[in-house]
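Letter by letter, the chains look like this.
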Amino acid sequence: MMEIILLAAVSFAATNIDDMLLNMVFFAACTTEKENWSVTAGKFLATAVMVALAALGGIGMQAFADKYVWLLGFVPLFLGVKELGGIFKSNEEETTALSPENIVLGTLRVTLASGADNIGVYVPLFASVEYVQMAVCSVVFFALTGFWCFGAYKLTQFPTLQKAIEKYRKIIVPAVYICLGLYILMQR
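Residues numbered from 1 in each chain as written. Predicted model: local features only at pLDDT ≥ 70, side-chain atom pairs only at ≥ 80, totals over all residues. Heavy atoms only, no water.

K.L.:
Could you clarify how one ought to interpret the overall build of the chain in this entry?
P.N.:
The number of helices and strands found in the chain is ten helices and zero strands. Order of helices (α) and strands (β) in the chain, N terminus to C terminus: α-α-α-α-α-α-α-α-α-α. At a minimum sequence separation of 6, the contacts of the chain that also span at least 24 residues come to 91%. Approximately 10,400 Å² of the chain is accessible, and the part contributed by carbon and sulfur atoms is 71%. (Helix = DSSP H or I, 4+ residues; strand = E, 2+ residues; numbered from the N terminus. Contact = heavy atoms within 4.5 Å. Areas by Shrake-Rupley, 256 points an atom, 1.4 Å probe, with all protein chains shown as cover.)

See below:
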């Protein structure tokens with residue numbers, strides 16, 4: 001059992017290194033505890049969706065995941081280009097869209113868009129384990145999602161880091177999306 005826990009933890013960490021930066025960007029933009037919890041809720045919802053997709057893929061569609069998962073690279077690429085266009089929006093437009101519901105859905109959307117590598121790793125993992133081990137992997141993924149959120153939140157509490165993220169966020173986020181999208185597309 002310890003072997004499967006370690007395998008799940010390594011799989012999560014390897015596929016979520018980029019997610020730590022995105023989490024830091026999300027938390028740096030939050031001004032209230034309610035917004036912080038909204039980001040966390042979006043992360044957990046995204047983890048639930050990715051685990052469900054990976055479980056379905058592992059049970060019956062591993063050929064699809066192996067062959068076509070690279071197509072998911074177009075999602076973060078599109079989001080990155082779209083975010084680049086958002087550089088020219090005024091701050092007033094940006095603040096009106098930050099309701100807790102929009103934060104949850106925005107976090108969910110971005111996490112799923114950047115989650116092609118997660119699904120690409122989780123599907124073969126789930127395809128190679130029994131149902132009980134699949135459940136253990138899922139629990140590990142959820143526990144580490146909480147840890148990742150807590151770590152990113154704590155990192156953004158450093159004023160210097162928070163100011164840098166806020167200052168360059170409109171450039172960092174599109175760059176991360178575009179690079180991630182290109183990376184996933186090149187894995188073909």
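K.L.:
Can you help me understand the nonpolar core in this one?
P.N.:
The biggest cluster of nonpolar side chains holds 34 residues, and the ones touching the most others in it are Phe12, Val39, Leu125, Phe126, Cys137 and Phe141. When contributions to this core are tallied by element, the ones reaching two or more residues are helix H1 (2-15), helix H2 (17-29), helix H3 (33-60), helix H7 (100-113), helix H8 (116-127) and helix H9 (131-155). Tallying contributions element by element places H9 first for this core, with nine residues. (Core = buried A, V, L, I, M, F, W, Y, C linked by side-chain atoms within 4.5 Å. Buried < 20%, exposed > 50% of the residue type's maximum accessible area, 1.4 Å probe, protein only.)

K.L.:
Just to check I follow, could you spell out the packing of H2 against H9 for this structure?
P.N.:
Between two packed helices, the angle of one axis relative to the other and the distance separating the axes together describe the packing. Where H2 contacts H9, the axes come no closer than 8 Å and their chain directions differ by 55°. Put simply, H2 runs oblique to H9. Considering the relative orientation of H2 and H9, their crossing is right-handed. The residues of H9 that touch H2, namely those facing Asp19, Met20, Asn23, Met24 and Phe27, are Trp148, Cys149, Gly151, Ala152, Tyr153 and Leu155. A breakdown of the residues in the contact of H2 with H9 according to their chemical character gives eight nonpolar, two polar and one charged. (Axes fitted to C-alpha atoms, helices over the stretch in contact; angles between N-to-C directions. Parallel < 35°, antiparallel > 145°, perpendicular 65-115°, else oblique. Left-handed = near helix turned anticlockwise from the far one by under 90°. Nonpolar A, V, L, I, M, F, W, Y, C, P; charged D, E, K, R; others polar.)

K.L.:
Teacher, can you tell me more about H7 here?
P.N.:
One full turn of an α-helix is made of 3.6 residues, so residues set three or four places apart face in the same direction. Given a rise of 1.5 Å per residue, 14 residues ought to cover 20 Å, and the 20 Å separating the end C-alpha atoms of H7 matches this to within 8%. Along H7, the residues that are buried comprise Ile103, Val104, Gly106, Thr107, Leu108, Val110, Thr111 and Ala113. (Expected span 1.5 Å × (residues − 1).)

K.L.:
Explain a nonpolar patch on the surface to me, please; I cannot follow it from the model alone.
P.N.:
Taken together, Met1, Met2, Ile5 and Val132 make up a surface patch of nonpolar side chains, about 430 Å² in accessible area. Tracing the backbone through its elements, the reader meets Met1 in the segment before H1. (Patch = residues over 30% accessible without salt bridge, like charges linked within 9 Å, V, L, I, M, F, W, Y side chains within 5 Å. Salt bridge = Lys/Arg side-chain N within 4 Å of Asp/Glu carboxyl O.)

K.L.:
Looking at this structure, how should I read the confidence of the model for the chain?
P.N.:
In low-pLDDT segments, the atomic positions of the prediction should not be examined closely. Mean pLDDT over the chain stands at 80; residues scoring 70 or higher make up 78%. Ranking the helices and strands of the chain by mean pLDDT puts H9 first, with 95, and helix H6 (residues 91-96) last, with 45. In this model residues 91-97 is a low-confidence stretch, pLDDT under 50, and it forms four contacts with partners more than four residues away in sequence or in other chains. (pLDDT = per-residue confidence, 0-100.)

K.L.:
Just to check I follow, could you spell out the side chain of Thr145 for this structure?
P.N.:
Tracing the backbone shows Thr145 in helix H9. In this structure Thr145 touches Phe12, Lys43, Phe44 and Thr47, once residues within four positions along its chain are discounted.

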